[in-house]
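Residue-level structural notes
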Amino acid sequence: MRALSIAPDTTVTELDLPEADAHSAIQDHFGTTATTAGIDQGVYHRRALLHIQGDGRAIGLAQNITAWALASAWRGIALYPIHGPVIVTGRAQDGRVVGLDDDLAQHVHAVAQTVRETLGEWRTRPPASNEAALSELLAYAARDVAPNQ
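The structure presented is a predicted model; accordingly, all values stated were derived computationally and were not measured. (Residues numbered from 1 in each chain as written. Predicted model: local features only at pLDDT ≥ 70, side-chain atom pairs only at ≥ 80, totals over all residues. Heavy atoms only, no water.)

1. Points about the environment of glycine 60
- Mapped onto the elements, glycine 60 comes out in the loop between β4 (48–53) and α2 (65–75).
- In this structure glycine 60 comes out as exposed when scored by relative accessible area, which is 59%. (Helix = DSSP H or I, 4+ residues; strand = E, 2+ residues; numbered from the N terminus. Buried < 20%, exposed > 50% of the residue type's maximum accessible area, 1.4 Å probe, protein only.)

What follows is the structure, encoded as C-alpha cells:
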C-alpha cells in the first residue's frame with residue numbers, strides 16, 4: 001500500500017507498506033526513535049492519516065516544517081509544531097489505514113517542494129518575523145492543496 005515519509009529536512013520518500021500489517025511496518029519505519037509514547041495518528045484530511053512520533057519534541061527530534069505546513073493547509077489553520085519524521089497514509093471512512101490516493105500524494109510532494117523553495121529564498125530574503133514566516137508558508141501550502149490548482 002502506498003505511503004509517503006516526510007523527513008524534517010523536507011525529503012519525501014515513497015513507501016510500500018504491507019496491507020496486512022501496516023501499523024507494524026510504520027512502527028518499524030520509525031525504529032528506535034519510537035519510544036514509550038508510540039506513534040500518534042493525526043487526521044488533518046478526511047482521506048489521510050499522518051503518523052507522528054508521539055513524543056518527538058520531548059526527545060529532541062527536529063521540527064518537521066513540511067508536515068506542519070501540509071497538516072495546517074489541510075485543516076485551514078496554523079497548527080502546533082510537528083517534530084520528527086512523519087508517514088502519510090490514506091484513511092478509509094471507517095478509519096482504517098489504506099493506500100494514499102494520488103491527489104493527496106501530489107499535495108505532499110507539492111508542499112515539500114514549496115517548503116524547500118521558500119526556505120531557500122529566506123536565506124537571501126529573511127521574513128520580517130516568525131509570524132510573517134508562518135503566514136507566508138501557510139499561504140503557499142494552502143495554494144498547493146487547493147482544489148483545481
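2. A look at α2
- Most of α2 sits inside the fold, with 9 of its 11 residues counted as buried.
- Of all the positions in α2, only Thr66, Ala67, Trp68, Ala69, Leu70, Ala71, Ser72, Ala73 and Trp74 are classed as buried.
- At its buried positions, α2 is contacted by β1 (2–6), β3 (39–45), β4, β5 (86–91), α3 (102–124) and α4 (130–145). (Contact = heavy atoms within 4.5 Å.)

3. Section: the pattern of salt bridges
- Summed over all chains, the structure comprises 8 salt bridges.
- A salt bridge links glutamate 136 to arginine 125, with the nearest nitrogen and oxygen atoms 3.0 Å apart. With glutamate 136 in helix α4 and arginine 125 in the loop between α3 and α4, this residue pair connects regions lying 11 residues apart in the sequence.
- By relative accessible area, glutamate 136 is classed as buried at 15%.
- Residues joined in a network through salt bridges with shared partners are Arg2, Glu14 and Asp102. (Salt bridge = Lys/Arg side-chain N within 4 Å of Asp/Glu carboxyl O.)

4. As for the packing of α2 against α3
- One way to put it is that α2 packs onto α3 with a least axis distance of 9 Å and a crossing angle of 125°. Between α2 and α3, the interaxial angle falls into the category oblique. α2 and α3 meet at a crossing whose hand is right-handed. Where α2 approaches α3, its residues Ile65, Thr66, Ala69, Leu70 and Trp74 are matched on the opposing element by Leu104, His107, Val108, Val111, Ala112 and Val115.
- Counted by class, the contact of α2 with α3 contains 9 nonpolar, 2 polar and no charged residues. (Axes fitted to C-alpha atoms, helices over the stretch in contact; angles between N-to-C directions. Parallel < 35°, antiparallel > 145°, perpendicular 65-115°, else oblique. Left-handed = near helix turned anticlockwise from the far one by under 90°. Nonpolar A, V, L, I, M, F, W, Y, C, P; charged D, E, K, R; others polar.)

5. As for the pairing of strand β2 (residues 12–16)
- Looking at chain direction, β1 and β2 are connected through 5 bridges and run antiparallel. When the bridges of β2 are listed, isoleucine 6 appears paired with valine 12. (Pairing = 2+ DSSP bridges.)

6. Here we look at unusual backbone geometry
- The backbone of threonine 10 sits at a positive phi, close to 80°, despite the residue not being glycine.
- For threonine 10, the position within the fold is in the loop between β1 and β2.
- Threonine 10 sits in the buried class, given a relative accessible area of 6%.

7. Topic: the nonpolar core
- In this structure, Leu50, Leu70, Trp74 and Val88 are the most contacted members of the largest nonpolar core, which totals 31 residues.
- Elements supplying a minimum of two residues to this core: β1, β4, α2, β5, α3 and α4.
- For leucine 50, the contacting residues outside a window of four places in its chain are Asp40, Gln41, Gly42, Tyr44, Ala67, Ala71, Trp74, Val86, Ile87 and Val88. (Core = buried A, V, L, I, M, F, W, Y, C linked by side-chain atoms within 4.5 Å.)

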